[in-house]
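# Survey of secondary and tertiary structure
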Amino acid sequence: MIEIKNLHANIEGKEILKGLTLTVNAGEVHAIMGPNGAGKSTLASILAGREEYEITEGEVTFEGADLLDLSTEERAHLGLFLAFQYPVEIPGVSNVNFLRTAINETREAKGEDPISAKEFMAMVREKSKIVELDSKLASRSVNEGFSGGEKKRNEIFQMAMLNPKLAVLDETDSGLDIDALRIVANGVNTLKSADNASIVITHYQRLLDYIVPDFVHVLHDGKIVKTGNKDLALELEEKGYDWIKEETQVG
Amino acid sequence: MEEVLTQTKFDILRTGLRPTALNISDALKEKANNVLNYSDFPTRKNEAWKYTNVNGLNKLVFDGKNIPISEPFTIANRSKKIHITNGQVSEGQSAIPGVKTSWDVLPEFFTDDPFDALNALYCTSAIQVEFDDSENETIELIFENTANSAIFPRLFIQCNKGAKGTVILNFQGAEQNASFINVSTYVNVGENANLSIHKIQKNGADTFDLQREYVDQAANSTFTMNTFPLSGRLTRNDLKINVNGNNCETFMNGAYTLKGKSHCDNHTTVDHKVAHCYSKELYKGVIDDRATNVFNGKVFVRKDAQKINAFQSNANILLSDTGTVNSKPELEIYADDVKCSHGSTTGQLDDEAVFYLRSRGLSEKAAKELLVKAFLGEVLEEVENEEVKSYVEAQIEKHFSA
Ligand SMILES: Nc1ncnc2c1ncn2[C@@H]1O[C@H](COP(=O)(O)OP(=O)(O)OP(=O)(O)O)[C@@H](O)[C@H]1O
Ligand SMILES: [Mg+2]
């Protein structure tokens, strides 16, 4: 699905990713944890195609394509989706309208016919139910005046609508109450299949009780420094990151 | 006594113009000549024209060369329409009750603006629209410029006591058209009357369009002026509204889309002379390429005009690094019990929003278009006339596909 090899990236002359390597196959869920400022959101942004970063070394192959060579929208057309840590508010642009354009541009890129109004509305109804997003919110301006939790739910709603191959969820759990957390996790699990995969960035082991990862990685100082199974998350919850930082320095 | 100016830029311009064929009173002619004798084209020293240079007018050639409009349009399906082609009221149109297109002598309305003087002396058509009942009839004046010409329409819009009416001023010319449009519009809104004017300026890329509206509002009246400068080399609108009676409502909305080398200048003045009135102004536009935009909005609240609520806002989005905006809201308040606000912003499209939309699969162009439509949508929401609204919406879309 995606293969990230020895990725190095700078912003404003400062190196943030320092040789990151990660492979995700179809059907897998990978969790990435790590201290604040480690570079988790940077990785997500680079995968989505944010232009401020300078890639100095390494490569990323996604669905057989050279990902770093594609525009942001081309990546989306290929099936990459990023749930933002801080979703933007876009006054005056209706959620469902822009999603319809998004779906149609993706279909066009694949040489498919545009979605019919009826099919689209049925899909909005079906998918908003999965994340229990009020249908009023679905048709309001994108994230405008949404609460923190509503914004996160809206991200998962959009993910459900776009049905991506690879979803990168950047702290989609932070700021969620227990019920919302369950709803969001349930949304992610419902959409899980043998053909798609997800990378879940989180600080809390709690989320991983709901979304059970196949692998847990620790990202520290711009690199994946440790990989394990879901038990690693429990260990981190208990012991924090210091022991890993020390281990890395020694190694 | 000031000296009569000789060899002015107005003199040069006038050599290429044909004096009006309409009957104009000696008194009006004298007043107009008098103004022009002491005037030259405005320069940077002239505060009201600081950022707008009209010297290019004298480069226009009114050769009458036929340039057909590829997509002529009318706005309102059920409106009563009058076609004015290259400044002349087209012949053979059936008469419309309340509309007068022929005159014995031009009405005497006059201001001391040199471009108004020019309009009177070279008037190509004088049209009066009068509303006398509450039917809210829509009258559409369609100014088709199918040749490089100099046109001087003089309009008189009268909405009588208790009447309701809508006027659409629809200016259009082919993309390559290079005309001089000079319009003076005198508007009278009677007591308890409700008048809306929608002005579409879809001019050729080399056309100069200078327009003035002089509006008087009587007590308990509502007046709405919606202005849409969509294309043209230079567009200047001077909207002057005197609110003379109590309990009036005044709405001014504008949306503009500028690109290429076009220059657009909206000057508005609302003069609250008496108490208990409400005015609201919202002008928004996007500026691309090397285009330039000027906004100047004055609100006066006179000494005894208490309990006035006046709101004004101008917002601009620059789509290029080379576009410019000069925006100046001005409030002059001489009464103490009033609620007024004004604001002006100029910025770029939100990069974060563009990235967000692109990450969902929208092309950069589609993302920007959506954001611009949302930005201008705030103005269009103020437009009650659905046909005007959908026309302008379609034009905004086209602006991006061109
Ligand atoms: N635009 C920028 N300019 C300068 N430094 C930046 C910029 N963006 C990110 N950084 C720096 O890059 C580092 C990594 O940031 P990033 O947001 O990827 O961390 P993170 O792992 O997602 O942290 P958190 O857990 O707090 O979300 C931080 O030190 C941050 O300050
Ligand atoms: Mg982060």
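As a starting point, this report considers the structure included with it. Here the structure is a predicted model, which is why all the values come from computation and not from measurement. (Residues numbered from 1 in each chain as written. Chains lettered and ligands numbered in written order. Predicted model: local features only at pLDDT ≥ 70, side-chain atom pairs only at ≥ 80, totals over all residues. Heavy atoms only, no water.)

## Here's the deal with the overall build of chain A
Each helix and strand counted, chain A has ten helices and twelve strands in total. In terms of C-alpha radius of gyration, chain A reaches 18 Å, essentially the compact-globule figure of 18 Å for 251 residues. With the principal axes as the frame, chain A shows a C-alpha extent of 60 × 40 × 35 Å. For chain A, with 251 residues in total, the buried portion stands at 53%. Put simply, of all contacts in chain A between residues at least 6 apart along the chain, 69% involve residues at least 24 apart. Of the roughly 11400 Å² of accessible surface on chain A, a fraction of 45% belongs to carbon and sulfur atoms. Across chain A, the centroid of the 27 positively charged side chains sits 5 Å from that of the 42 negatively charged ones. (Helix = DSSP H or I, 4+ residues; strand = E, 2+ residues; numbered from the N terminus. Rg over C-alpha atoms; globule rule 2.2 N^0.38 Å. Buried < 20%, exposed > 50% of the residue type's maximum accessible area, 1.4 Å probe, protein only. Contact = heavy atoms within 4.5 Å. Areas by Shrake-Rupley, 256 points an atom, 1.4 Å probe, with all protein chains shown as cover. Lys, Arg positive; Asp, Glu negative; His and termini not counted. Charge placed at Lys NZ, Arg CZ, Asp CG, Glu CD.)

## Let's talk about the coordination of the magnesium ion (ligand 2)
Bound to the magnesium ion (ligand 2) are the protein donor atoms Ser41 of chain A (OG) and Gln85 of chain A (OE1), situated 1.9 to 2.3 Å from the metal. Separated by 44 residues along the polypeptide, Ser41 of chain A in helix H1 (residues 40-48) and Gln85 of chain A in the loop between strand S6 (80-83) and strand S7 (90-94) bring together distant segments of the chain. (Donors = N, O, S within 2.8 Å, 3.2 Å for Na, K, Ca; no water.)

## Let's talk about the site of ligand 1
All names here are of chain A. Taken together, 15 residues form the shell around ligand 1, and within it Gly37, Lys40, Ser41, Thr42 and His203 come nearest. One of the side-chain N or O atoms of Lys14 is found 3.4 Å from an oxygen atom in ligand 1. If ligand 1 stood free it would expose 640 Å²; the protein chains cover 66% of that surface. For the shell around ligand 1, the secondary structure elements donating two or more residues are strand S2 (14-24) and H1. (Near = heavy atom within 4 Å. Polar contact = N/O pair within 3.5 Å; in protein donor to acceptor, adjacent residues only side chain to side chain.)

## Considering helix H6 (residues 386-401) of chain B
Residues and elements named next belong to chain B. The first and last C-alpha atoms of H6 sit 23 Å apart over 16 residues, in line with the 22 Å expected at 1.5 Å per residue. Taken residue by residue, H6 has Val388, Lys389, Tyr391, Val392, Gln395, Ile396, His399 and Phe400 as its buried positions. Its buried side turned inward, H6 meets strand S8 (164-173), strand S10 (194-202), strand S12 (222-231), strand S14 (249-258) and helix H5 (364-380). N-cap assignment for H6: the residue whose side-chain oxygen lies 3.0 Å from the backbone N of Glu387 is Asn385. (Expected span 1.5 Å × (residues − 1).)

## A closer look at the state of the cysteines
Residue and element names in this part refer to chain B. The full count for this structure, using the stated rule, is zero disulfides over all chains. Residue Cys340 stays outside any disulfide, its sulfur separated by 12 Å from that of Cys277, the closest cysteine. Its relative accessible area of 23% is what places Cys340 among the partly exposed residues. (Disulfide = S-S within 2.5 Å.)

## Considering the packing of aromatic side chains
According to the stated counting rule, one finds 19 aromatic pairs over all chains in the structure shown. Both rings, one in Phe84 of chain A and one in Tyr356 of chain B, keep their centres 4.9 Å apart while their planes meet at 45°; by these two values the pair is tilted. Here Tyr356 of chain B lies in helix H4 (residues 351-359) and Phe84 of chain A lies in the loop between S6 and S7, a pairing that spans two chains. Of the two residues, Phe84 of chain A and Tyr356 of chain B, both sit in the buried class. A centroid spacing of 5.9 Å and a plane angle of 40° characterise the contact between Tyr122 of chain B and Phe152 of chain B, whose relative ring orientation is tilted. Here the residue Tyr122 of chain B occupies a position in the loop between helix H3 (114-121) and strand S4 (125-131), and Phe152 of chain B occupies one in the loop between strand S6 (150-151) and strand S7 (153-159), the gap between them amounting to 30 residues. A relative accessible area of 7% means that Tyr122 of chain B is categorised as buried. Using a relative accessible area of 2% as the deciding quantity, one classes Phe152 of chain B as buried. A network of ring pairs unites the aromatic residues Trp103, Phe109, Phe156, Tyr186 and Tyr214 of chain B as a single cluster. (Phe/Tyr/Trp six-rings, centres within 6.5 Å; stacked < 30°, edge-to-face > 60°.)

## Brief notes about unusual backbone geometry
For Glu171 of chain A, which is not glycine, the phi torsion reads 50° and is therefore positive. As for its placement among the helices and strands, Glu171 of chain A is situated in the loop between strand S9 (166-170) and helix H7 (178-191).

## Here's the deal with a negative patch on the surface
Residue and element names in this part refer to chain A. The grouping of Glu3, Glu59, Asp66, Asp69 and Glu74 at the surface amounts to a negative patch. Looking at the element boundaries, Glu74 is found in helix H2 (residues 72-78). Overall, Glu74 belongs to the partly exposed group, its relative accessible area being 38%. (Patch = residues over 30% accessible without salt bridge, like charges linked within 9 Å, V, L, I, M, F, W, Y side chains within 5 Å. Salt bridge = Lys/Arg side-chain N within 4 Å of Asp/Glu carboxyl O.)

## Some remarks on the interface of chain B and chain A
If you look at the interface, chain B gives 16 residues, while chain A gives 32 residues. Contact with chain A buries surface across chain B, with Phe355, Tyr356 and Arg360 of chain B losing the most and accounting together for 41% of the total. One can count four salt bridges joining chain B with chain A. Linking Arg358 of chain B and Glu73 of chain A is a salt bridge whose minimum nitrogen-to-oxygen distance equals 2.6 Å. The tally of links between chain B and chain A comes to eleven residue pairs in polar contact (both at pLDDT 80 or more). Only H4 and H5 of chain B provide two or more residues apiece to the side of chain B that touches chain A. (Buried area = accessible area lost by both parts, 1.4 Å probe.)

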